Amino acid sequence: MHIKQALVALTVFSMSCIAQASTSYYDEGNKHYYEFVDFADIGLSSSWNAARDYSSTLSLTGVSGYVGHLATLTSKAEDDFVWGLHYANGDSLASGRFLGAYKDTAWQWVTGESFSYTNWMAGEPNNSGGNENYLMNWWYADQLGGRWNDTTQTSCLLGHCSTWGFVVEFEPTVVPVPPALLLFASGLVLLNRRKNKS
């Protein structure tokens, strides 16, 4: 079992290393970057788990300190920004993309952020078939009173998949300052003050 998990992780990691360079879009509002990834471009099957795992292996090319995860749209401003990128990315009207939310007992973001903002299509989430526990942004849905749809793990029915990619969000990592460094810096400040008094 551990060998299979290691092989899956190695495959996802190697795919992330050889994937084509994507266009990154910068949101001035939250200082995050976004990329649209198509399953066909990276050789992965349409699966929310594959999208989540792949996203978590990415870092933003050319910008240090930004790590990836499936996009978490936690505000109207962020949702509107990413929605506008569908046009820039050339998505077709029948396409959808996985986002970073899933339902265990309640809907939650992969980052642990509060799931308070929503933009469900009318009648959604409906858990059709009893296994729609993953979030997708559905391109033509804006005309239906919302943009979000709950879907299955693969978002496929009878060989047709309604998601053909996913949105990756890159946000800066926060590097905590170790307490020892703070203590050392405080000591230097005190030594400098004593030296200046002398």
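Please refer to the structure placed before this passage.
This one's a predicted model, so the numbers in the text were calculated from it and none came from an experiment. (Residues numbered from 1 in each chain as written. Predicted model: local features only at pLDDT ≥ 70, side-chain atom pairs only at ≥ 80, totals over all residues. Heavy atoms only, no water.)

What to know about the environment of Thr163
Point 1. Within the secondary structure, Thr163 is located in strand β10 (residues 163–172).
Point 2. With 65 residues separating them along the chain, Thr163 and Phe98 place their C-alpha atoms 6.6 Å apart.
Point 3. Each residue touching Thr163, except ones within four places of it in the same chain, is listed here: Phe39, Ser46, Gly96, Arg97, Phe98, Met136, Thr154 and Ser155. (Helix = DSSP H or I, 4+ residues; strand = E, 2+ residues; numbered from the N terminus. Contact = heavy atoms within 4.5 Å.)

Let's talk about the side chain of Glu78
Point 1. Position of Glu78 among the secondary structure elements: in helix α4 (residues 76–89).
Point 2. No salt bridge forms around the buried Glu78; measuring N to O, its nearest opposite-charge neighbour Arg147 is 11 Å away.
Point 3. Excluding its chain neighbours within four sequence positions, the residues that come into contact with Glu78 are Asp27, Asn30, Tyr34, Thr72, Leu73 and Glu169. (Buried < 20%, exposed > 50% of the residue type's maximum accessible area, 1.4 Å probe, protein only. Lys, Arg positive; Asp, Glu negative; His and termini not counted. Salt bridge = Lys/Arg side-chain N within 4 Å of Asp/Glu carboxyl O.)

Topic: the packing of aromatic side chains
Point 1. Using the criterion set out here, one finds 16 aromatic pairs in the structure.
Point 2. With a centroid separation of 5.2 Å and 50 degrees between ring planes, the pair formed by Phe39 and Phe166 is classed as tilted. One end of the pair, Phe39, is in helix α2 (residues 39–42); the other, Phe166, is in strand β10, with 127 residues separating them in the sequence. Pair check on accessibility: Phe39 and Phe166 agree, each one buried.
Point 3. Taken together, the ring pairs connect Trp107, Trp109, Phe115, Tyr117, Trp120 and Trp148 into an aromatic cluster. (Phe/Tyr/Trp six-rings, centres within 6.5 Å; stacked < 30°, edge-to-face > 60°.)

A look at the nonpolar core
Point 1. In this structure, Tyr54, Phe166 and Phe170 are the most contacted members of the largest nonpolar core, which totals 18 residues.
Point 2. At the level of elements, β2 (32–38), α2, α3 (48–55), β3 (66–70) and β10 are the ones that each hand at least two residues to this core.
Point 3. Non-local contacts of Phe166, meaning those with residues more than four positions away in its chain, are made with Glu35, Phe36, Val37, Phe39, Ile42, Ala51, Tyr54, Ser55, Leu70, Arg97 and Phe98.
Point 4. Counting 17 residues, the second largest nonpolar core, distinct from the first, contains Tyr25, Val82, Leu135 and Trp148. (Core = buried A, V, L, I, M, F, W, Y, C linked by side-chain atoms within 4.5 Å.)

Quick look at unusual backbone geometry
Point 1. A cis amide bond, omega -5 degrees, links Glu124 with the succeeding residue Pro125.
Point 2. Along the chain, Pro125 falls in the loop between β5 (107–109) and β6 (134–138).
Point 3. One non-glycine residue with positive phi stands out, namely Lys31, at about 65 degrees.
Point 4. For Lys31, the position within the fold is in the loop between β1 (25–27) and β2.
Point 5. Despite not being glycine, Asn127 shows a phi value in the positive range, around 50 degrees.
Point 6. By secondary structure assignment, the location of Asn127 is in the loop between β5 and β6.

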